[in-house]
Amino acid sequence: MSEIRSIFNRIAPVYDQLNDWLSFGQHRIWKEMTVKWSAAKTGDTCLDLCCGSGDLAFRIARRVGKSGKVEAVDFSPELLEVAKQRYKQYYSIPSITWTEADVLELPFDDNQFNAATMGYGLRNVTDIPRCLSELHRVLQPKAKAAILDFHRPENPVIRSFQQWYLDNLVVPAASQMGLKEEYAYINPSLERFPSGKEQIKIANQVGFASAVHYPIANGMMGVLVLTKS
């Protein structure tokens, strides 16, 4: 995990550009969908895992309003610093607490959160069942979590296009910034990431009462929506 943390620390200054490249600029729409699927409402106490530069945390904070709270967690101190600076400069929204922590060992009590989000993080954790188990532990009964991430499409044509895009556009752009090796992690992370059906199975095994996976962007992206019993 320390190697993955180092990668994200190094790409922190261009993290938002990375998401733009990988999503054709559509990640903002998908993040709004993710927050909606989390079912967060005014006054809720919410959790955003792998918060990165803060996009989902800002969105869910606006949804819960002045009476709500958001705990934003990431293991990269550099990304958390980017998020804090964006929060200070651009956003007038309710309180967000920024916490450096490992999603495999969350520093929160059981049954604490009304809703949770996670964007582009599950694919990079070293133990997906343990991560989802921790998420299950800290959610209140009946609470929902929505997890957004990149995927390998099942359709071979779309899969080939995705690979061409990564090889010919994303990696060369990263190389010009001196980050070729850091961006090389994307391909292996996509290859080992469980499919939507496999994610549902893992979620059920760790105790979630309901798990639904919504493919979007022709299967290059997906949102896993979980409900605790």
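You'll find the structure just up there.
The following refers to the structure shown. Fair warning: this is a prediction, and the values are worked out from it, not measured in the lab. (Residues numbered from 1 in each chain as written. Predicted model: local features only at pLDDT ≥ 70, side-chain atom pairs only at ≥ 80, totals over all residues. Heavy atoms only, no water.)

Details of a nonpolar patch on the surface
Operational definition: Residues qualify for a patch when their relative accessible area is over 30% and they have no salt bridge, like charges being joined within 9 Å and the nonpolar side chains of Val, Leu, Ile, Met, Phe, Trp and Tyr within 5 Å. Calculation of accessible area relied on Shrake-Rupley with a 1.4 Å probe; when residues are assessed, cover is drawn exclusively from the protein chains displayed. By convention in these notes, a salt bridge is any Lys or Arg side-chain nitrogen within 4 Å of a carboxyl oxygen on Asp or Glu. Under the scheme used here, helices are H or I runs from DSSP no shorter than 4 residues and strands are E runs no shorter than 2 residues, and both carry numbers assigned from the N terminus. Partly exposed residues are those whose accessible area sits between 20% and 50% of the maximum for their type, while under 20% is buried and over 50% is exposed, using a 1.4 Å probe and protein chains only.
A surface patch of nonpolar side chains, amounting to about 290 Å² of accessible area, comprises Phe 161, Trp 164 and Leu 169. Take Leu 169: it is sitting in helix α7 (residues 156-176). Here Leu 169 falls in the partly exposed class, since its relative accessible area comes to 41%.

Overview of the environment of Lys 69
For clarity, the cut-off: Whether two residues are in contact is decided by their heavy atoms, any of which lying within 4.5 Å being enough.
Counting through the fold element by element, Lys 69 comes out in strand β2 (residues 69-74). Judged by relative accessible area, Lys 69 falls into the exposed class, the value being 55%. Spatially, the C-alpha atoms of Lys 69 and Asp 44 are 6.5 Å apart, while their sequence positions differ by 25 residues. With residues up to four places along the chain from it excluded, the contact list for Lys 69 reads Asp 44, Thr 45, Cys 46, Val 64 and Ser 95.

Focus: the packing of aromatic side chains
Threshold: We call Phe, Tyr and Trp rings a pair once their centres come within 6.5 Å, taking the six-membered ring for Trp, and we label the pair stacked below 30 degrees between planes, edge-to-face above 60, and tilted otherwise.
Taken as a whole, this structure holds eight aromatic pairs when the rule is applied. Ring centres of Phe 58 and Trp 98 lie 5.8 Å apart, and the angle between their planes is 75°; on these two criteria the pair is classed as edge-to-face. Placement of Phe 58 in helix α4 (residues 55-64) and of Trp 98 in strand β3 (residues 96-100) is noted, with a sequence separation of 40 residues between them. Under the relative-accessibility criterion, Trp 98 is labelled buried at 15%. Ring plane angle 65° and centroid distance 5.9 Å describe the contact between Tyr 87 and Trp 98, whose orientation is recorded as edge-to-face. With Tyr 87 in helix α5 (residues 77-90) and Trp 98 in strand β3, the pair connects residues that are eleven residues apart, well separated along the chain. Take Tyr 87 and Trp 98: they sit in the same class, and that class is buried.

With respect to unusual backbone geometry
Its identity is not glycine, yet Ala 217 carries a phi of approximately 55°, on the positive side. Along the polypeptide, Ala 217 turns up in the loop between β6 (210-216) and β7 (221-227). For Ala 217, a relative accessible area of 27% translates into the label partly exposed. With a phi angle near 55°, Asn 218 is a residue other than glycine that sits in the positive phi range. Tracing the sequence through the fold places Asn 218 in the loop between β6 and β7.

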